[in-house]
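Reading the structure
Next come the chains, spelled out residue by residue.
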Amino acid sequence: MHPHSGYHWRGPSLGQGQKERFFEGWYLRLTLPEVAQTFAFMYSIDDPAGGSDYSGGVAQILGPDETYCCRTFPDVNQFWAWPHQLGFGHRRKAHHLPHPQSAASPCYLPPADFMSQVSEGYQVSATHHQGKLRLPSGEVTAEWNYDIEPLTGWGGDIGTANQKATAGWLSYLPVFEPGWQVLMAHGLASGSVKWQGQLYTFDKAPAYAEKNWGGAFPAKWFWLQCNAFTDMPGLSLTAAGGVRDVLTWQEDVAVIGLHYRSEFYEFFSTKTRFSWTVDPWGYWYLKAKDYRYCIEMTGRAVDEGAWVRVPTLEGMQWLCRDTTHGELQVRLSEVDSDRTILLATSQLAGLEVGGGPWQETWQVNS
């Protein structure tokens, strides 16, 4: 079982209502190399106890050429999630339900039942992803249904004992804010997405999934992700850095995880030499080195990207800027000999900055 794959919220404190702000969010990325496009699905639930100004869910999709769709789902009672494994969903309403109690108890449905019974919403499991979003006019603007074959988690192949918590064992304690977990560094997706009238079908396309949870996103962060490298099937990279809340103080931290030929290369800024230079937009450079390996990467945005919403203490805000068509070059080498182990490039990297917004280049050497 993947660490942190289940839903973290455990209900109102002492039955007296929610005491603190809470969100949980999921990010699923589907890359279609044949047409050089991406679908990034972003789901979140805010203050699930209900009754706050920010309670409710949001579904966002960043589609081909950074086109964007967003729908809110205000009724927290129509959200469901499994506590011990990956599974969650939200719907606006259902119709033609075979059992009246189903309307009050939303749950995972067989794909055919979801299609016929749910007018708008989504559902996700480790092996399946399905949904439908409508414009306010009622017209369907996005509809998707695909199966997922998970291959690699964070640390090794899924189904082995090598799965790790992305932020380490301390992520199980209420120390860091927010929590973050890569659920699937690499998988294969087969099915279809209909987006703004155009149908995309795919077979064994690269898929990725991660999640986060807590009171709010970091005050400042960057992120890079790619598992669609040129002529490098199965290669997967995730890197992120941020200003993290730790109890009563803040710290700059970063992590890199690279899966290549059944090996996992992991670099933490708290354990190894680590440096980064990240512009407010357009340029990402990271370098990390331990006693055996050195990894260096450069990312560049060739477009203006798109703004998406993220949870904050004041609700969902436009504080995150993304491109799914980033240029990325990665080199992994041996420290002693400088022998190149891996040199890879992609034109379909996910590159992101968020928080603030911040205006100056962010440079850190640790």
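This structure is a prediction, so every number in the text was calculated from the model and none was measured. Throughout this document, residue positions are counted from 1 along each chain, in the order its sequence is written. Predicted model: local features are reported for residues with pLDDT of at least 70 only, side-chain atom pairs are reported and counted for 80 or more only, and whole-chain, interface and lining totals are derived from all residues. With hydrogens and water excluded, all non-hydrogen atoms of the structure serve as input to the side-chain values.

**Points about the overall build of the protein**
Counting from the N terminus, the helices are the DSSP runs of H or I reaching at least four residues and the strands are the DSSP runs of E reaching at least two. The helix and strand tally for the protein stands at 2 helices and 23 strands. In the protein, buried positions account for 55% of the 366 residues. Here the analysis covers contacts within the protein between residues at least 6 apart in sequence; of these, 56% occur between residues at least 24 apart. Each accessible area value is a Shrake-Rupley result obtained with a 1.4 Å probe; residue values ignore everything except the protein chains displayed when judging cover. Surface exposure of the protein reaches about 16,200 Å², of which carbon and sulfur atoms provide 51%. Residue exposure (1.4 Å probe, protein chains only): buried if accessible area is under 20% of the type maximum, exposed if over 50%, otherwise partly exposed. We call two residues contacting when some pair of their heavy atoms lies within 4.5 Å.

**A word on the packing of aromatic side chains**
The criterion for an aromatic pair is that two Phe, Tyr or Trp rings (for Trp, the six-membered ring) have centres within 6.5 Å, with stacked assigned to planes under 30 degrees apart, edge-to-face to planes over 60 apart and tilted to the rest. Enumeration over the complete set of coordinates arrives at 30 aromatic pairs. Pairing Tyr-7 with Trp-26 gives two aromatic rings, centres 6.4 Å apart and planes at 35°, and the pair type is tilted. Here the residue Tyr-7 occupies a position in the segment before strand S1 (23–32), and Trp-26 occupies one in strand S1, the gap between them amounting to 19 residues. For the pair Tyr-7 and Trp-26, a shared accessibility class is recorded, and that class is buried. Every member of this aromatic cluster is reached through a ring pair, and the members are Tyr-7, Trp-26, Tyr-43, Phe-73, Phe-79, Phe-88 and Tyr-122. The ring centre of Phe-73 lies 4.6 Å from the NZ or CZ of Arg-92, which sits over that ring. Charge over a ring is defined by NZ of Lys or CZ of Arg lying within 6 Å of the ring centre and within 35 degrees of the ring normal.

**What about unusual backbone geometry?**
Leaving glycine aside, a negative phi is the common case for residues, and trans is the common case for peptide bonds. Geometrically, the link from Gly-356 to Pro-357 is a cis peptide bond, its omega value of 5° lying close to zero. Phi angles above zero are rare outside glycine, and His-4 is one such case at about 65°. Residue placement: His-4 occurs in the segment before S1. The class of His-4 is buried, set by a relative accessible area of 10%. Although it is not a glycine, Asp-65 adopts a positive phi angle of roughly 55°. Relative to the elements of secondary structure, Asp-65 occurs in the loop between strand S3 (56–62) and strand S4 (68–73). You can call Asp-65 exposed: its relative accessible area is 57%.

**Some remarks on the pairing of strand S2 (residues 37–46)**
Counting buried positions over the 10 residues of S2 gives 10, a clear majority of the element. Residue alternation in S2 divides its side chains into two sets, Gln-37, Phe-39, Phe-41, Tyr-43 and Ile-45 and Thr-38, Ala-40, Met-42, Ser-44 and Asp-46, and both sets are buried. Judged from the 10 bridges that link them, S1 and S2 form a sheet pairing that is antiparallel. Counterpart to Leu-28 in the pairing with S2 is Phe-41. Sheet topology note: the S2/S3 ladder contains 7 bridges and is antiparallel. Looking at S3, one finds that Ser-44 is bridged to Val-58. In this scheme, strands are said to pair when DSSP sees at least two bridges between them.

**What to know about the pattern of salt bridges**
Each reported salt bridge corresponds to a side-chain nitrogen of Lys or Arg within 4 Å of a carboxyl oxygen of Asp or Glu. Summed over all chains, the structure comprises 9 salt bridges. Its salt-bridge partner being Arg-21, residue Asp-46 comes within 2.7 Å of it at the nearest N-O pair. Highlighted residues: Asp-46 in strand S2 and Arg-21 in the segment before S1, separated in sequence by 25 residues. One salt-bridge network, in which partners are shared between bridges, spans Arg-21, Asp-46 and Asp-47.

**Here's the deal with the pairing of strand S8 (residues 128–134)**
The element S8 is largely enclosed, with a buried count of 6 among its 7 residues. Bridging between strand S7 (residues 118–125) and S8 involves 4 bridges; their strand directions are antiparallel. Following the sheet pairing, Val-124 is matched in S8 by His-129. Counted between consecutive antiparallel strands, the loop separating S7 from S8 contains 2 residues. By the bridge criterion, 7 bridges tie S8 to strand S9 (residues 140–152) in an arrangement that is antiparallel. Across the sheet, residue Arg-134 finds its bridge partner in S9, namely Val-140. Counting the residues in the hairpin turn of S8 and S9 gives 5 residues, including Gly-138, whose phi is positive at 100°.

**Quick word on the side chain of Arg-29**
You can see Arg-29 is positioned in strand S1. Counting rule for charge: Lys and Arg are taken as positive, Asp and Glu as negative, and neither His nor the chain ends is counted. Despite its burial, Arg-29 pairs with no opposite charge, the nearest such side chain being Glu-66 at 7.6 Å. Identification of polar contacts relies on pairs of N or O atoms within 3.5 Å, with a donor-acceptor requirement for protein atoms, meaning one able to donate a hydrogen and the other able to accept it, and with residues adjacent in sequence counted only if both atoms are side-chain atoms. At 3.1 Å, the side chain of Arg-29 forms a polar contact with the side chain of Thr-38. One polar contact links the side chain of Arg-29 to the main-chain carbonyl oxygen of Leu-348, over a distance of 2.7 Å. Each residue touching Arg-29, except ones within four places of it in the same chain, is listed here: Thr-38, Phe-39, Ala-40, Pro-206, Ala-207, Tyr-208, Gln-225, Cys-226, Thr-324, Leu-348, Ala-349 and Gly-350.

**Section: the confidence of the model for the protein**
Predicted coordinates in regions of low pLDDT should not be interpreted in detail. Scored from 0 to 100, pLDDT reflects the predictor's confidence in each residue. Of all residues in the protein, 90% attain a pLDDT of 70 or more, and the chain-wide mean is 90. Note that pLDDT drops below 50 for residues 14–18; the model gives that stretch 6 contacts with residues more than four away or on any other chain.

**Digging into the environment of Ser-275**
Position of Ser-275 among the secondary structure elements: in strand S17 (residues 273–278). Placed 90 residues apart in sequence, Ser-275 and Asn-365 show a C-alpha to C-alpha distance of 4.3 Å.

**Concerning the environment of Phe-79**
Within the fold, Phe-79 resides in strand S5 (residues 79–81). The class of Phe-79 is buried, set by a relative accessible area of 10%. Put simply, Phe-79 and Ile-45 are 34 residues apart on the chain and 8.0 Å apart in space, counted from C-alpha to C-alpha. Once residues lying within four places of it in the same chain are set aside, the contact partners of Phe-79 are Tyr-7, Trp-26, Ile-45, Phe-88, Gly-89, His-90, Pro-106 and Tyr-122.

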